[in-house]
Amino acid sequence: MTAELDGAEGVDDLILESLEHREAAEAAYQALLERAGEAAVEPRIEATRRAVELLGDPQRAFRVIHITGTNGKGSTARVIDALLRAHGLRTGLLTSPHLERVNERIAIDGEPVSDEAFARNYDDVAPFLEMVDAELEAAGERRLTFFEAFTVLALATMADAPVDVAVLEVGMGGTWDSTNVADGDVAVITPIALDHTNRLGTTVEAIAREKAGIIKPDAIAVSAAQSSEALAVLEARAEEVGARLLVEGRDFALASQAVAVGGQLITVRGMAAEYIDQLVPLLGAHQGANAALGLVAVEAFLGGGTQPLTAQVLAEGFAAATSPGRLDVVGAHPLVVLDAAHNPHGAAALRAALGEVFGLERVTLVLGVLVGKDVTGVLTELEPLIDEVVVTQSTSERALPADDLAAQAVAVLGAERVLVEPELGAAVEAAREAAADRDGAVVVTGSITLLGDVLGHAREQGWLRRPDARRQAATVEITDEERS
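Residues numbered from 1 in each chain as written. Predicted model: local features only at pLDDT ≥ 70, side-chain atom pairs only at ≥ 80, totals over all residues. Heavy atoms only, no water.

**What about the side chain of Asp133?**
Here is step 1: Looking at where Asp133 falls in the secondary structure, it is placed in helix H4 (residues 115-138).
Here is step 2: Judged by its relative accessible area of 6%, Asp133 is buried.
Here is step 3: Polar side-chain contacts of Asp133 include one of 3.0 Å to the backbone nitrogen of Leu144.
Here is step 4: When neighbours within four sequence positions are excluded, Asp133 is seen to be in contact with Arg35, Arg143 and Leu144. (Helix = DSSP H or I, 4+ residues; strand = E, 2+ residues; numbered from the N terminus. Buried < 20%, exposed > 50% of the residue type's maximum accessible area, 1.4 Å probe, protein only. Polar contact = N/O pair within 3.5 Å; in protein donor to acceptor, adjacent residues only side chain to side chain. Contact = heavy atoms within 4.5 Å.)

**Topic: the packing of aromatic side chains**
Here is step 1: Applying the stated rule across the entire model yields three aromatic pairs.
Here is step 2: A ring pair is formed by Phe118 and Phe150, whose centres lie 6.2 Å apart and whose planes are at 45 degrees; its orientation type is tilted. Placement of the pair is Phe118 in helix H4 and Phe150 in helix H5 (residues 146-160), with a sequence separation of 32 residues.
Here is step 3: Ring centres of Phe146 and Phe150 lie 5.7 Å apart, and the angle between their planes is 15 degrees; this geometry places the pair in the stacked category. Residue Phe146 and its partner Phe150 are located together in helix H5, separated by four residues, close to a single helical turn. With respect to class, Phe146 is no different from Phe150; both count as buried.
Here is step 4: A connected cluster of aromatic rings, assembled from ring pairs, spans Tyr29, Phe118, Phe146 and Phe150.
Here is step 5: Between Arg105 and the ring centre of Phe150, over which it is positioned, the NZ or CZ distance is 5.6 Å.
Here is step 6: For Arg432, the ring lying beneath its charged end belongs to Trp463, and the centroid distance is 4.2 Å. (Phe/Tyr/Trp six-rings, centres within 6.5 Å; stacked < 30°, edge-to-face > 60°. Lys NZ or Arg CZ within 6 Å of the ring centre and 35° of its normal.)

**Considerations on the pairing of strand S7 (residues 220-223)**
Here is step 1: Of the two faces of S7, the one lined by Ile220 and Val222 and the one lined by Ala221 and Ser223 are each fully buried.
Here is step 2: Inspection of the sheet shows S7 paired to strand S8 (residues 244-247) by four bridges, in the parallel sense. Bridged to Ile220 within S8 is Arg244.
Here is step 3: Taken together, S7, helix H8 (residues 228-241) and S8 constitute a β-α-β crossover, and its handedness is right-handed. (Pairing = 2+ DSSP bridges. Right-handed = clockwise from strand over helix to strand, strands pointing away.)

**Things to note about the UniProt feature "domain: Mur ligase C-terminal" (unreviewed entry) in the protein**
Here is step 1: Sequence positions flagged by UniProt for "domain: Mur ligase C-terminal" (unreviewed entry) are, in local numbering, residues 325-447.
Here is step 2: Helix and strand shares over residues 325-447 are 38% and 23% respectively, and the end C-alpha atoms of the span are 9 Å apart. (UniProt positions renumbered as here; feature names shortened; annotations may be inferred.)

**Concerning the sheet that holds strand S4 (residues 111-112)**
Here is step 1: Reading across from one edge, S4-S3-S2-S5-S1-S6-S7-S8 is the order of the eight strands in this open sheet, with mixed pairing throughout. Of all strands in the sheet, those bounded by a partner on one side alone are S4 and S8.
Here is step 2: Examined bridge by bridge, strand S6 (residues 186-189) and S7 share four bridges and lie parallel to one another. Opposite Val188, over in S7, you have Val222 as the bridge partner.
Here is step 3: Most of the contacts of H5 go to strand S3 (residues 106-108), to which it runs at about 5 degrees, and overall it touches strand S2 (91-94), S3 and strand S5 (165-169). (Axes fitted to C-alpha atoms, helices over the stretch in contact; angles between N-to-C directions.)

**Observations concerning helix H14 (residues 424-437)**
Here is step 1: Under the 1.5 Å per step criterion, the end-to-end length of H14 is 20 Å for 14 residues, consistent within 8% with the ideal 20 Å.
Here is step 2: Along H14, the residues classified as buried are Leu424, Gly425, Ala427, Val428, Ala431, Arg432, Ala434 and Ala435.
Here is step 3: On its buried side, H14 packs onto strand S13 (335-339), strand S14 (363-367), strand S15 (386-391), strand S17 (441-445) and helix H15 (448-461).
Here is step 4: Put simply, Glu423 is the residue that caps the front of H14, since its side-chain oxygen is 3.1 Å from the backbone nitrogen of Gly425.
Here is step 5: Note on H14: the residue one or two positions beyond its end, Asp439, has a positive phi of about 55 degrees. (Expected span 1.5 Å × (residues − 1).)

**Thoughts on the pairing of strand S10 (residues 263-269)**
Here is step 1: Among the seven residues that make up S10, five are buried, leaving the element largely enclosed by the rest of the structure.
Here is step 2: In terms of strand pairing, strand S9 (residues 253-260) meets S10 through seven bridges, oriented antiparallel. When the sheet's bridge partners are listed, Val259 is paired in S10 with Gln264.
Here is step 3: Hairpin connection between S9 and S10: a loop of two residues separates the two successive antiparallel strands, and Gly262 in this loop has a positive phi of roughly 100 degrees.
Here is step 4: Pairing between S10 and strand S11 (residues 274-280): five bridges, direction antiparallel. Bridged to Val268 within S11 is Tyr275.
Here is step 5: In textbook terms, the turn of a hairpin is the stretch between consecutive antiparallel strands, and for S10 and S11 this stretch comprises four residues.

**Looking at the sheet that holds S10**
Here is step 1: Read across the open sheet, the three strands follow the order S9-S10-S11; overall the sheet is antiparallel. In this open sheet, the two strands that pair with only one neighbour each are S9 and S11. Strand-to-strand, the axes of this sheet are offset by a mean angle of 15 degrees, without reference to chain direction.
Here is step 2: Set on the sheet, helix H9 (residues 285-303) makes contact with S9, S10 and S11; between it and S10 the angle comes to about 45 degrees.

**Quick look at the pattern of salt bridges**
Here is step 1: Taken as a whole and judged by the stated rule, the model has 27 salt bridges.
Here is step 2: Linking Arg120 and Asp160 is a salt bridge whose minimum nitrogen-to-oxygen distance equals 2.9 Å. Of the two residues, Arg120 is situated in helix H4 and Asp160 in helix H5; the sequence distance between them amounts to 40 residues.
Here is step 3: Among the residues examined, Arg120 registers a relative accessible area of 32% and is labelled partly exposed.
Here is step 4: One salt bridge in this structure joins Asp133 and Arg143, with 3.7 Å as the shortest N-O distance. (Salt bridge = Lys/Arg side-chain N within 4 Å of Asp/Glu carboxyl O.)

Written out as structure tokens, the structure is:
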């Protein structure tokens, strides 16, 4: 009996300790949120550089693969991270934004950073953040923003872990993005298109110039296929700093891809070898391209493009690759798919994937976007698929009010296809009911914050297809238990 009591007390102690860590992590996050938000981007890098300098430059404690581009950054980063872990390296991964909890943004060896480590590392860096805040305010500048401070925290957390290599996703742009305090051994550039035009420029060429800033001297840059305007900028930057530029279609290629149960089969003509019929558990032609880009980036990192990846590394790495919020199948009866298509380029990829992967010709759309997004461009791309759009808004402070979004939706689709429901839960359930009546499907898109809110709603309502909706199959199979 005493042993049983001791065991019970031990479990209680662990639960209490876990709750304490959770509270400490939430307190740290709230402190970060008191800073200027992610919409308040500062076109500067010296503030972040000063903070990491005071910390002893934690970004120099590991090697770095740095990723920029307009779409596909997060997915490509996760593929790279998974392949590096399969190779036996301990990794740190920085992505943004998060779906449900802020810990998701920093992964150590494939797992979100623990509450304990998040809180402890925040306590370590907070005094240095405050020192930089004071210096900035004395100079008449805004104190460190949320993203600047979070980048410092992420780099310190990775150094503390410690990791062998960090995979860093740029927040916005590249040249003055906070992550650019780190010097990437390999710079990865996903497709460049128009987005954040109020911050990065109104032409693809101007945006490419900002993103090219992550290409560092003597590094290797690996780029997806680009428009002639963007490619010219990348080539000029590589020549300027003495970097080697590898371009899809010229130096490597996605030779073939085909939908398969569990994802898709891709064949990649890499730098060191041709990798035939590799199973990637991600959906959509664009995800095959992201996987190919990630594979070649790892080739470049490990052996400068001369060392082939082994069959075991490819199999284990691709099997572990995830892409939360990208063609995520989270519900059945009716089918509910989440995808973070927040600009026209992403919407075009979503439209293609819904047809190629799911065979969907018409869907009920749930749409919520952040202020400043190209709503007209997104809806124009998706219009041929839309039976009806239920316009709503997420819990984000940056969410565009549903009524404002509805006005733009009506301009593209007409009033008869637009339903306004500001309360997110009611919007999702209205869409599910409409889709079920048509024997159709629901697609939720517009912003990551919207997707995170929908995941939480689905879990609370008991229709989330699985507790952690991260893996999808190319053919959605419904079990007898789910039918009942």
